[in-house]
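Residues per chain are reported as follows:
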Amino acid sequence: MIATSFLEISSNAYRQNIRYIRKEIGPKPTISAVVKGNAYGHGIAQMVEIAEKAGIRHFSTFSSDEAWMVKKNSTKQSEIMILGMLYEEELEDLINAGISFYVFDFGRLEKAIEISERIGVSAKIHVEVETGFHRTGFDWEQREKLVETLQNGKNHVILEGLCTHYAGAESVSNFVRVKNQISVYYDFKNYLSEHNLFFRKYHTACSAATLIFPETIMDMVRIGIAGYGFWPTKETYFAKLKDLPKTNKNPLKRLITWKSQVMSLKKVKMGEFVGYGNSFMALHNMNLAIVPVGYGHGYSRLLSNSGQVLIGGQYCQVVGTVTMNAIAVDITKVKNIQVGDEVVMIGSQKNKEITVASFSESTQQVNYELLTRLPQDIPRRIIQ
């Protein structure tokens, strides 16, 4: 079976990104590779293989199904941490498998203690505290009950981590809010320490916080988007720009390339419409290439009449409406294009490039959204 498009994932680029992050954080903190959202669209199976070869031994997932996928593909017995969703009925299996997980409410915490006591296997828990993001986490007003519950269950759980998540560390507009969150986190840390509750790892930093709030680099950092070669936002990049060497002003390298091929060629006369409806009329005689990629493959309809691809080393504009399975591309100015020629939606061809950032700006999506919308059934090939 041959798919209509495929993704190439660069292991060399990932190693370079990890080297840069390691230089930023120093030798001691653990790097946890965040692989939620199908590894930000890169593929969990592929990224576990690439990351473990790059020395990563800790992975973060959002949900339990992702955690099991990491475990299935790990060959190094790497640690696995669930940041979000799991079902109570699978807690026993997760505990037996040694998979750690966040606890952010008393229901999950008490259930974990109950199961651990019953089966005689300690649950590895990361206690998430609410510092201002207001999504999940124990509130400051719950601290006394939290201490009591943890102390009563201390023989049945391993206090693997004390954690929180920052509300927009990637934006300068959130600077004061993040600083306040850091302060609240330390209030929790100190309070729990005063009650003899100590954790193996203290961790709060995502990619953005790691890069621009060095005080958040503790025992572990949770690296998502930066590991895949993208700055969380332009603001994050500009905040680091002055510290980057003149010889390498962009140390983060994109892993992903998205390719297809020309399916057919079409001539259109001046005054004729292209595709559904009348969103595009040819103002001159045109040559089109039909590419077998559409919104069903993650190529947004918002790119209708605005997106670009690379064919023959040239930028070629999408004309007409993006359909479920195909796009039409203007190749009038490109010579000698044949059926089967390579088409690049994201990546480089000859000396030109379409970045994820430029791609997502065209669709008003952020990098995260575009990447995670790439369907899981697009083949992903690991390259050097």
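Provided above is the structure to which this section pertains.
Because the structure is a prediction, the values reported are computed rather than measured.

Asker: Would you mind going over a negative patch on the surface with me for this structure?
Answerer: Taken together, Glu 88, Glu 89, Asp 105 and Glu 110 make up a surface patch of like negative charges. Structurally, Glu 88 can be placed in the loop between β4 (79–85) and α5 (91–97).

Asker: Even after reading the chapter, I still don't get the pattern of salt bridges, so can you show me in this structure?
Answerer: Summed over all chains, the structure comprises 11 salt bridges. Here Glu 49 ties to Lys 53 by a salt bridge, and the two come within 3.2 Å at their closest N and O atoms. Separated by four residues within a single helix, Glu 49 and Lys 53 lie in helix α3 (residues 44–53), roughly one turn from each other. Classification of Glu 49 as partly exposed rests on a relative accessible area of 37%. For the salt bridge of Glu 215 with Lys 179, the shortest nitrogen-to-oxygen distance reads 2.5 Å. Of this pair, Glu 215 sits in the loop between α9 (207–212) and β9 (220–223) while Lys 179 sits in helix α8 (residues 175–194); the two residues are 36 residues apart in sequence, bridging distant segments of the chain. Note on Glu 215: relative accessible area 30%, which makes it partly exposed. Taken together, the shared-partner salt bridges in this structure form one network comprising Glu 8, Lys 259 and Glu 342.

Asker: Sorry if this is basic, but what is going on with the packing of aromatic side chains here?
Answerer: By convention here, two paired aromatic rings are described through the distance between centres and the angle between planes. Evaluated as defined, the whole model comprises 12 aromatic pairs. On the numbers, 5.8 Å between centres and 50 degrees between planes, the contact of Tyr 237 with Phe 238 is tilted. Among the residues examined, Phe 238 registers a relative accessible area of 53% and is labelled exposed. Members of the aromatic cluster, joined through ring pairs, are Tyr 20, Trp 231, Tyr 237 and Phe 238. Stacked on the ring of Tyr 191, the Lys or Arg Arg 143 has its end atom at 5.5 Å from the ring centre.

What counts, and where the lines are drawn
Residues numbered from 1 in each chain as written. Predicted model: local features only at pLDDT ≥ 70, side-chain atom pairs only at ≥ 80, totals over all residues. Heavy atoms only, no water. Patch = residues over 30% accessible without salt bridge, like charges linked within 9 Å, V, L, I, M, F, W, Y side chains within 5 Å. Areas by Shrake-Rupley, 256 points an atom, 1.4 Å probe, with all protein chains shown as cover. Salt bridge = Lys/Arg side-chain N within 4 Å of Asp/Glu carboxyl O. Lys, Arg positive; Asp, Glu negative; His and termini not counted. Charge placed at Lys NZ, Arg CZ, Asp CG, Glu CD. Helix = DSSP H or I, 4+ residues; strand = E, 2+ residues; numbered from the N terminus. Buried < 20%, exposed > 50% of the residue type's maximum accessible area, 1.4 Å probe, protein only. Phe/Tyr/Trp six-rings, centres within 6.5 Å; stacked < 30°, edge-to-face > 60°. Lys NZ or Arg CZ within 6 Å of the ring centre and 35° of its normal.

Read these as spatial facts, not as claims about activity.
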